[in-house]
Amino acid sequence: MAIGSNLASVYDPAQVEGKWYDYWKQQNYFLPSGDLSQPHYSIVMPPPNVTGQLHLGHALDNTLQDILTRWRRMQGYNTLWLPGTDHAGIATQARVEESLAAEGLSKYDLGREKFLERIWEWKRLYGDRITQQLSLLGSSCDWSRERFTMDEGCSRAVREVFVRLYEKGLIYRGDYIINWCPRCHTAISDIEVEHADSDGHLWHLKYPIQDSDEFLVVATTRPETMLGDTGVAVHPDDERYTHLVGKYVVLPLVGRIIPIFADAYVDREFGTGAVKVTPAHDPNDFEMGLRHNLESVNVMSPDARMNENAGAAYAGLDRYEARLQVIKDLEAGGYLLKTEDHQHALGHCQRCDTVVEPMVSLQWFVKMKPLAEPAIEKVVNGEIKFIPERFTRVYINWMENIRDWCISRQLWWGHRIPVWYCQDCGEIICSREDPTVCPSCASSQLQQDEDVLDTWFSSALWPFSTLGWPDDTDDMRTFYPTSVLVTGRDIIFFWVARMIFSGIENTGQVPFREVNIHGLILDALGRKMSKSLGNGVDPLEVIEKYGADTLRFSMITGVTPGNDVRFQWDKVENTRNFANKIWNAARFVLMNLEGYTPVDAAPEELPLADRWILGRLQQKITEITELLEAYELGEAARRMYDFIWDEFCDWYIELSKPRLFNPSNSRDRVVVQNVLNTVLTETMKLLHPFMPFITEEIYQYLPGHGPALMVERWPQAAPDRLDPRSLEQMQMVMAVIRAIRNIRAEFNLSHGTAIKVIMTAPDPDVVGLFQANGAYVRDLARVGDLTVVEKIEKTPRQAVSALLSFAQIYVPLEGVIDVGKEVSRLEKELKNIDQEIAKTEAKLKNEKFLAKAPPEVITKERSRADEAGTRREGLLQRLQIFKAQ
RNA sequence: GGGUCGUUAACUCAGAGGUAGAGUGCUUCCUUGACGCGGAAGAAGCCACAAGUUCGAAUCUUGUACGACCCACCA
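A few points on the structure. (Residues numbered from 1 in each chain as written. Chains lettered and ligands numbered in written order. Predicted model: local features only at pLDDT ≥ 70, side-chain atom pairs only at ≥ 80, totals over all residues. Heavy atoms only, no water.)

Considering the overall build of chain A
Counting its regular elements, chain A contains 27 helices and 29 strands. For chain A, the C-alpha radius of gyration of 37 Å lies well beyond 29 Å, the compact-globule estimate for 885 residues. Based on the C-alpha atoms only, the size of chain A along its principal axes is roughly 120 × 65 × 55 Å. Burial statistics for chain A: of 885 residues in total, 55% are counted as buried. Counting every atom, chain A has about 39100 Å² of accessible surface; 48% of that belongs to carbon and sulfur. Of the side-chain charges in chain A, 97 are positive and 125 negative, and the distance between the mean point of each set is 6 Å. (Helix = DSSP H or I, 4+ residues; strand = E, 2+ residues; numbered from the N terminus. Rg over C-alpha atoms; globule rule 2.2 N^0.38 Å. Buried < 20%, exposed > 50% of the residue type's maximum accessible area, 1.4 Å probe, protein only. Areas by Shrake-Rupley, 256 points an atom, 1.4 Å probe, with all protein chains shown as cover. Lys, Arg positive; Asp, Glu negative; His and termini not counted. Charge placed at Lys NZ, Arg CZ, Asp CG, Glu CD.)

As for helix H5 (residues 112-137)
Taking 1.5 Å of rise per residue, 26 residues should cover 38 Å, and H5 covers 37 Å from first to last C-alpha, within 8% of that figure. At the C-terminal side of H5, Gly 138 shows a positive phi close to 100°. (Expected span 1.5 Å × (residues − 1).)

A word on the pattern of salt bridges
A side chain with one charge can pair with a side chain of the opposite charge if their charged atoms come near. Per the counting criterion, the structure on display carries 54 salt bridges. Ionic pairing is found between Asp 600 and Arg 721, a salt bridge with its closest N-O pair at 3.7 Å. Of this pair, Asp 600 sits in the loop between helix H17 (569-591) and helix H18 (608-629) while Arg 721 sits in the loop between helix H21 (692-699) and helix H22 (724-746), placing them 121 residues apart in sequence. Accessibility expressed as a relative area gives 72% for Asp 600, which makes it exposed. Between Arg 825 and Glu 822 there is a salt bridge, and its shortest N-O distance comes to 3.0 Å. Taken together, the positions of Arg 825 and Glu 822, both in helix H25 (residues 819-845) and three residues apart, correspond to about one turn of that helix. According to the relative accessible area criterion, Arg 825 is buried, its value standing at 15%. (Salt bridge = Lys/Arg side-chain N within 4 Å of Asp/Glu carboxyl O.)

Focus on the state of the cysteines
Here the structure, examined in full by the defined rule, presents zero disulfides. Residue Cys 184 stays outside any disulfide, its sulfur separated by 3.6 Å from that of Cys 181, the closest cysteine. For Cys 441, which is in no disulfide, the shortest distance to another cysteine sulfur is to Cys 422 and amounts to 3.4 Å. (Disulfide = S-S within 2.5 Å.)

A look at the nonpolar core
Membership of the largest hydrophobic core comes to 147 residues, with the highest contact counts inside it found for Phe 648, Phe 690, Phe 770 and Ile 809. Looking at this core, the element that brings in the most residues is helix H19 (residues 633-661), giving 14 residues. Those residues in contact with Phe 690, other than ones at most four positions away along the chain, are Ile 67, Arg 552, Phe 553, Ile 556, Leu 628, Leu 633, Ala 636 and Ala 637. Counting 62 residues, the second largest nonpolar core, distinct from the first, contains Val 158, Phe 162, Ala 372 and Ile 504. (Core = buried A, V, L, I, M, F, W, Y, C linked by side-chain atoms within 4.5 Å. Contact = heavy atoms within 4.5 Å.)

As for the protein's contact with RNA strand B
Close contacts around RNA strand B come from 59 residues, with Asp 267, Arg 566, Asn 584, Trp 645 and Lys 852 the closest. Near the protein, meaning within 4 Å, the atoms of RNA strand B are sugar or phosphate in a fraction of 61%, with bases accounting for the rest. When contributions to the surface near RNA strand B are tallied by element, the ones reaching two or more residues are strand E8 (215-220), strand E13 (336-349), H17, H19, H22, helix H26 (847-852) and helix H27 (855-884). Ranked by residue count, the leading element in the surface near RNA strand B is H17, at eleven residues. When the residues that make up the surface near RNA strand B are grouped by side-chain class, the tally is 20 nonpolar, 17 polar and 22 charged. (Near = heavy atom within 4 Å. Nonpolar A, V, L, I, M, F, W, Y, C, P; charged D, E, K, R; others polar.)

Focus: the packing of aromatic side chains
The full count for this structure, using the stated rule, is 36 aromatic pairs. Ring centres of Phe 567 and Trp 569 lie 5.2 Å apart, and the angle between their planes is 85°; this geometry places the pair in the edge-to-face category. Its relative accessible area of 6% is what places Phe 567 among the buried residues. Three or more aromatic residues joined by ring pairs form one cluster here, namely Phe 162, Tyr 166, Trp 364, Trp 405, Phe 457 and Phe 501. When the ring centre of Trp 24 is taken as reference, the NZ or CZ atom of Arg 70 above it lies at 4.4 Å. Taking NZ or CZ as reference, Lys 107 lies 4.9 Å from the ring centre of Trp 412, over its face. (Phe/Tyr/Trp six-rings, centres within 6.5 Å; stacked < 30°, edge-to-face > 60°. Lys NZ or Arg CZ within 6 Å of the ring centre and 35° of its normal.)

As for the environment of Arg 268
Tracing the backbone shows Arg 268 in the loop between strand E11 (257-262) and strand E12 (274-277). With a relative accessible area of 35%, Arg 268 lands in the partly exposed category. It is 73 Å that separates the C-alpha atoms of Arg 268 and Asp 650, two residues lying 382 residues apart in sequence.

Side note on the pairing of strand E7 (residues 193-208)
When a strand is regular, its side chains alternate between the sheet's two faces. Sheet analysis places E7 next to E13, joined by 13 bridges and oriented antiparallel. Pairing of Ala 196 across the sheet is with Leu 346, part of E13. In the sheet, E7 pairs with E8 via six bridges, with the strands oriented antiparallel. Following the sheet pairing, Pro 208 is matched in E8 by Phe 215. Taking the residues between adjacent antiparallel strands as the criterion, E7 and E8 are bridged by six residues, where Asp 211 takes a positive phi near 55°. (Pairing = 2+ DSSP bridges.)

Some details on the sheet that holds E7
Spatially, the three strands line up as an open sheet ordered E8-E7-E13, and their pairing is antiparallel. Strands with a single pairing partner mark the edges of an open sheet, and in this sheet they are E8 and E13. Averaged over all pairs of adjacent strands, the angle between strand axes in this sheet comes to 20°, irrespective of strand direction. (Axes fitted to C-alpha atoms, helices over the stretch in contact; angles between N-to-C directions.)

Re the sheet that holds strand E10 (residues 248-250)
Across the sheet, which stays open at both edges, the four strands sit in the order E10-E11-E9-E12 with mixed pairing between neighbours. Either end of the sheet is taken by a strand with one partner, and the two such strands are E10 and E12. Put simply, the sheet's adjacent strands are angled 30° from each other on average, direction ignored. As paired strands, strand E9 (residues 231-234) and E11 are joined by three bridges and run parallel to one another. Paired with Val 234 across the strands is Ala 262, a residue of E11.

Right, here's the structure in full:
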C-alpha cells in the first residue's frame, strides 16, 4: 500500500504538534550546535511577565523570533535563543495583593518575608504556565538556559551594576519631584505615567498683595495644591506685573506670606500670566523652587489625602474632596474670581490607571546624560540598526531628551537596593556583598534600604545577565553581542533604550546588532486589545481550535514590518485551509510514490513542466532567503503561500497526474515522482520556520528523510536548475489552457465533452512547443482533438475563437454557436484592444519617450503594439467571417 | 504643540517609477482517482484630494483632509 493512503484527508494539528515538540526537545535540537567554526546567531527572548498568561502580542513576538531562529539554525549558524521570564515588580505584587485581598488579608498581615514567599509560589505557578504556552507555540528556545530576572545570576548582575554606577557617581539618592501612584504606593518613572486628556476647570484665584488693597490673580487647574504654595511667578517682561515683583502675597486660607518673583518659564498668554507655585506638587514648580530658593511644602500623604501641612481644616481629606472644600472656602472668602472649563492632560499610573500625584520624595536615581551619549552614538553610527529604520528617530529623540531615571520603588517584590545605613554614624554603604559591620565606625547596627529597584533596571541587563555576566563565561564570549532583538514598538523606551545604554556601560559593547520592531495585534475593529474592552483573544484558544502553525502563519502573512496587525478569525480559517492544502498535496505525493527510486536526471532531459517547477523552486529559494534577511517575513510567507497553492498544487500536481496514472513510459513516472518529491521536500524546508509542525510531520513520511526536518540544511539555490526559457514557455502553455477554459465556461461546455481545438501560431517555435507539449493542453483543458499549425487556409466559421498575442485558438462548435453572442463578444474585445493600441501608439509617437525611456521599455512597448496589432487583425477577420454569414 | 503611520476592489490587507494584486465575500459551473478546509471561469478599483518632479506617478516631493498611534511641564 502506498505511504500516503492511510493518512486522514483532513489535517489535524492536535494529533501532531505536541508529539514533535517533545521529540525536538528530547533530541536537544533547541540547544546551540556548539560548532565554533560557524558564526553565532543569538537572540534573547523578551521575558514575559510572570503575572499571568501570554496574549497574542507574545505569540507574534515569539513567532517572529522562532522563524528567525529556525531559519538561521538550518543555515548552520551556532544558534541560541534564550528564554526567560520577568518578575514584573509592581504588576506581580499587585496581582498577589489582589489574591490576598480575596482572603481578607493584606501584605502587612503577612509581613515582608511571608509575603515574598507567597509571591515566589505564584511565580512558580505562572512561570511554568508561560513556559508551557511558549512550547505550544512551537518556540525552539533553549530551555536548558532558561532564566528569570530574579534568579541568582541575574540578581548578582543587578547588584554589580548598581554598585558600579554608584561608585562612578551615576546613581544618587535625593529629594526630588517624582510621580507617585497613590494606589500602588510607590514612586514610578516618567515613562510609567500615561497622559490622558480630561475635562477640568481653570479656576482664577485672587491672591491679596501684602500691605495693599491690590490682588494678583492666578489661574490653576488644581486649587487644592494652593495649600502648599510658596510663591507666585510672573514673566520678567510682563509689564502688567513688573511693579509687583519682589512684593509678597498673603496666601488665602493659609495666611502664609509668599514672594512674587519673575521667571521666564511663565507663559504670559496663558491664564492670567501669573502662576501659583507649589514646588512640592508640580515638576515645573519644583524647578522654579530650586531656581528661587522657595520652601517646599508637601501637603499630601502617600495615599493622596491632605496631611497636617494642609491645615487642620483639610487634613485627612482626599485630594478631590479637598479640592471642593478649598473652592468652597475660597468662594466664601471672596477669593474665587471665575471658573472656566478647561481641558488638560492628566498623568495616570500605567499599571492601575490611578491619577498620579507629583510629589517631592526621597528616592534613588540614575544620572542619564553620561549614559545616553554613547547610546545615541552607537545608533547614529550604525553599530545598532533599527528595522524598520524609522524607529531610529523615535529612539534618538527620546534619548536626547532623557531625564534622570527614578529607580527606587516602594515595593517588596524585586531586587532590594544594595545600600545599608549605619544606625550609629549614618554612613551609607553600597556593596556587592552584604556588609556586617560599618567600615567607618565598626558598628553592626546596619539597616538595608527598604526599597527595591524598578523592574526595568534588571530587564535592562537581560542580554548579558542571562549569559553569565559579570563572569567571563563561554556563553558571553560566544553569543554576546546578540544578533538581533525582536520586540514590540511599545517598549522601545522602557526596555530597548535601557538595554542599549546598560550594555554599552557595563560590557563595553552593544547588546545587539539589530532591533527588529513589530507592531501591535489589534482586534478585528482595529482597536488595541485590552482587559477593559474585553476584546482580547487567547492564543491558546486559537491553537486548540486551529493549531499553532495556523496561528503563527496567520499573524505574520502579508504584514508589513512595524505595522499593526488586525486579528481576524476569517484569516485564521483561511490559513487553516492552507495547512490542509499542504497536507493534501503531501498526501497526494506520498500516495503516488510507489516504485519511487531517486534519479538524477539532467535538466535538459526533463519535460517542460518539470523544468518549469524546478526553476520556480530555485527562484523561491532565493526570494525567501533574501526576504528573511531583510526581515520581510510577511512577504516571505505570502510568497510561500502563492507558490504552494497556485503553482505547485493547481498546476504542477495537475500536470503530473496523467504521468503518474497513465505513464507513457516507466522512466517518466519515476522522473515525475522525483520532481514531486524534490519540490515537496524543499518546500517543506522553506516553510518549516513558519509552520514547524506540519512540515515536520510531512517530512517524516518522505522517502529517505533524516532524523528531523528542523535540523535539515536550508535550501540553496542551484542556478543550473533554472531554465529561463522553460518559464516563458510554461507561461504560454498556461495562457492557452486558460483561454480554452474560458471559452468552455462561457459557452457552458460541460466537463464531460471533450472538445476540438485548432491552434495557429505564426512562430514555428511556438508550433513546435505546443506540438511537443500538446498533452498539457489536452489534459488540463479537456481537449480531445488538438491541432497545432502555423497557418490554416480558411479559419473555421462555426467556431469560437481566442486571440492571444502569440497564437489564435479556435473551438469549432458546429450548430451550437450563437452567432450574435460571439459577434458581441468579439466586438467587446475589439474595443478593449483598440484602447490598448491607442495607448501604446501615443507612447511610441512621443519623441521624448523615445529619447529618454530606457531601451528595454521601448522594446517592450513596441512588441506590445505589434502583438496588439496581430490580435486586432485576427479579431477583424473573425468578425468578417461571422458578418458574411 | 511636535512626530510617526495609514488612506488601493464590498471587507481585511499586500505591492510598487513603466498595462492594478491576494484572501474573504459575490456570480456561474464542476461528486474529474490529494484536498468541497476543494477545482474552473468571472464581475468588481480615477490606488483619499491638490500641486510639483519625470518621457511616464498609485508608486518620488510638497501641501490638504480624514483616521490611528507616540511624545510634550503651558499652570
